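So you can see what is in the structure, the chains are spelled out below.
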Amino acid sequence: MVSNHTVKKTDIPCSLEGIVSGHRIPCTGHACPQNESGLSCADWHLKGYTDDGEYTMSKEGRLLQLYCHGMTGTKPQEYLTLPQGPSKNIGRIHPDQWYSARQDCPDGPEEGQNRTYLDRGTSEFSKVRFHLGSMEIQTDDLTFANATGSKPEFGMAGDCFARVDCRVKPKGSFDIDLRGTGLEVASIFQWQMETIIGGRLRQPTLYTDPKPAMSQVVHGRCGLCAKCFIPSKRMKVKFLVV
């Protein structure tokens, strides 16, 4: 049985930087067992590695570090560790729902009375399910998420604080921060919006997120009795160009 060898910064002159940035740098030194890399966690499992942990993967001539989960089983899965942490990778369905006896719009962002929104929830992600072949993040996998309430998916936001015709900014929000992974959000990233008014679901509409100031950091808001999510449950990413 071979135990997993986790790459440490002190181990190597170049391989960690090569993995994290996606550079075409060969893995050298004792940080990479026998200068090996795999195409999947299953490849590492076949080589005799049975510990869950970070492993080196090869894709398009580049190195990528992924977390292998379930290595003692027959179908281990790849996860992308998010170095910026759960506080920077959150899906939120705002917990408050505004209402009044007249059911009209609030005069300001906090005017009126609040009650708890039944579909409230927050998910904070430390790792996300990653499909190396298609270079996609699976947004509905909550294996490594601290999820409460309705358990929003990665990249999901929403609220029902006020109606869509009220002049109040959406309170639901999401944060995605891929810094430190060597990956960035692809330009074809899209969300779907579902709006509920009077208990009736409107026809969903698709929109493309405006180009973020940083391709690795995306912040979005969605609400007014609506939620936004990625309809395919797959978020396309690509290697960061440096």
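Values in this document were obtained by computation on a predicted structure and should not be read as measured data.

Thresholds, definitions, all that
- Every residue gets a number counted from 1 within its own chain, in the order that chain's sequence is written.
- The model is predicted, so local features are restricted to residues of pLDDT at least 70 and side-chain atom pairs to those at 80 or more, both for listing and for counting; the totals for chains, interfaces and linings are taken over all residues.
- Hydrogens and waters are ignored; side-chain quantities use all the structure's heavy atoms.
- Strands qualify as paired when DSSP identifies two bridges or more between them.
- A run of DSSP states H or I qualifies as a helix once it reaches four residues; a run of E qualifies as a strand once it reaches two. Both are numbered from the N-terminal end.
- Between N-to-C directions, angles span 0 to 180 degrees; the directions come from axes that are lines fitted to C-alpha atoms, helices contributing only their stretch in contact.
- Salt bridges, as used here, are contacts in which a Lys or Arg side-chain nitrogen is within 4 Å of a carboxyl oxygen on Asp or Glu.
- Burial classes: relative accessible area under 20% of the type maximum marks a residue as buried, over 50% as exposed, and values in between as partly exposed (1.4 Å probe, protein chains only).
- To pair, rings of Phe, Tyr and Trp, with the six-membered ring standing in for Trp, must have centres within 6.5 Å; the planes then decide the type, stacked if under 30 degrees apart, edge-to-face if over 60, and tilted in the middle.
- Criterion for a charge above a ring: Arg CZ or Lys NZ at most 6 Å from the ring centre, at most 35 degrees from the ring normal.
- We call a set of buried Ala, Val, Leu, Ile, Met, Phe, Trp, Tyr and Cys residues a nonpolar core when their side-chain atoms join them within 4.5 Å.
- It only takes one pair of heavy atoms within 4.5 Å for two residues to be counted as in contact.
- Polar contact criterion, stated in full: a pair of N or O atoms within 3.5 Å, where within protein one must be able to donate a hydrogen and the other to accept it, and residues adjacent in sequence count only if both atoms are side-chain atoms.

Peer 1: I'd like to hear about the sheet that holds strand 9 (residues 136-138), residue by residue, with values.
Peer 2: With antiparallel pairing, seven strands are arranged side by side in an open sheet as 1-2-3-8-9-19-13. Bordering the open sheet on either side are strand 1 (53-59) and strand 13 (183-185), each of which pairs with just one other strand. Strand-to-strand twist across the sheet, computed as the mean angle between neighbouring axes with direction ignored, equals 50°. As judged from the three bridges shared by strand 13 and strand 19 (residues 234-239), these two strands associate in the antiparallel manner. Counterpart to Glu184 in the pairing with strand 19 is Lys238.

Peer 1: Any chance you could break down the pattern of salt bridges for me, citing the residues and the numbers?
Peer 2: As enumerated under the stated definition, the model contains five salt bridges in all. Here Glu136 ties to Arg234 by a salt bridge, and the two come within 3.1 Å at their closest N and O atoms. Here the residue Glu136 occupies a position in strand 9, and Arg234 occupies one in strand 19, the gap between them amounting to 98 residues. Residue classification places Glu136 among the buried positions, given a relative accessible area of 18%. Assessed through its relative accessible area of 31%, Arg234 is described here as partly exposed.

Peer 1: Describe the packing of aromatic side chains, naming the residues involved and giving the relevant values.
Peer 2: Overall, the coordinates contain six aromatic pairs when judged by the stated rule. Between Tyr67 and Phe144 the ring centres are 5.6 Å apart and the planes differ by 75°, which places this aromatic pair in the edge-to-face class. You can see Tyr67 sitting in strand 2 (residues 62-69) and its partner Phe144 sitting in the loop between strand 9 and strand 10 (145-149), a full 77 residues away along the chain. An identical accessibility class is assigned to Tyr67 and Phe144; each is buried. Positioned above the aromatic ring of Trp44, the side-chain terminus of Lys47 is 4.7 Å from the ring centre. A cation sits over an aromatic face here: Lys127 above Tyr67, 4.6 Å from the ring centre.

Peer 1: Any details on the nonpolar core? Residues and values, ideally.
Peer 2: Of all hydrophobic cores here, the largest spans 34 residues; its most connected members are Phe130, Ile137 and Met235. Ignoring sequence-local partners within four residues, the contact set of Ile137 consists of Leu80, Val128, Arg129, Phe130, Phe154, Leu178, Lys233, Arg234, Met235 and Val237.

Peer 1: Go over the side chain of Asn89, please, and point to the residues and values.
Peer 2: Structurally, the position occupied by Asn89 is in the loop between strand 3 (77-81) and strand 4 (90-93). Its relative accessible area of 0% is what places Asn89 among the buried residues. Polar contacts involving the side chain of Asn89 include one to the main-chain carbonyl oxygen of Gly85, which spans 3.0 Å. Looking at Asn89, its side chain comes within polar contact range of the main-chain nitrogen of Asp177, at 2.8 Å.

Peer 1: Describe the pairing of strand 1, with residues and values.
Peer 2: Burial of strand 1 is extensive: six of the seven residues sit out of reach of the surface. Sheet topology note: the strand 1/strand 2 ladder contains seven bridges and is antiparallel. By the bridge assignment for strand 2, Met57 is matched with Leu64. In textbook terms, the turn of a hairpin is the stretch between consecutive antiparallel strands, and for strand 1 and strand 2 this stretch comprises two residues, one of which, Glu60, has a positive phi near 55°.

This is a description of form; function is not addressed.
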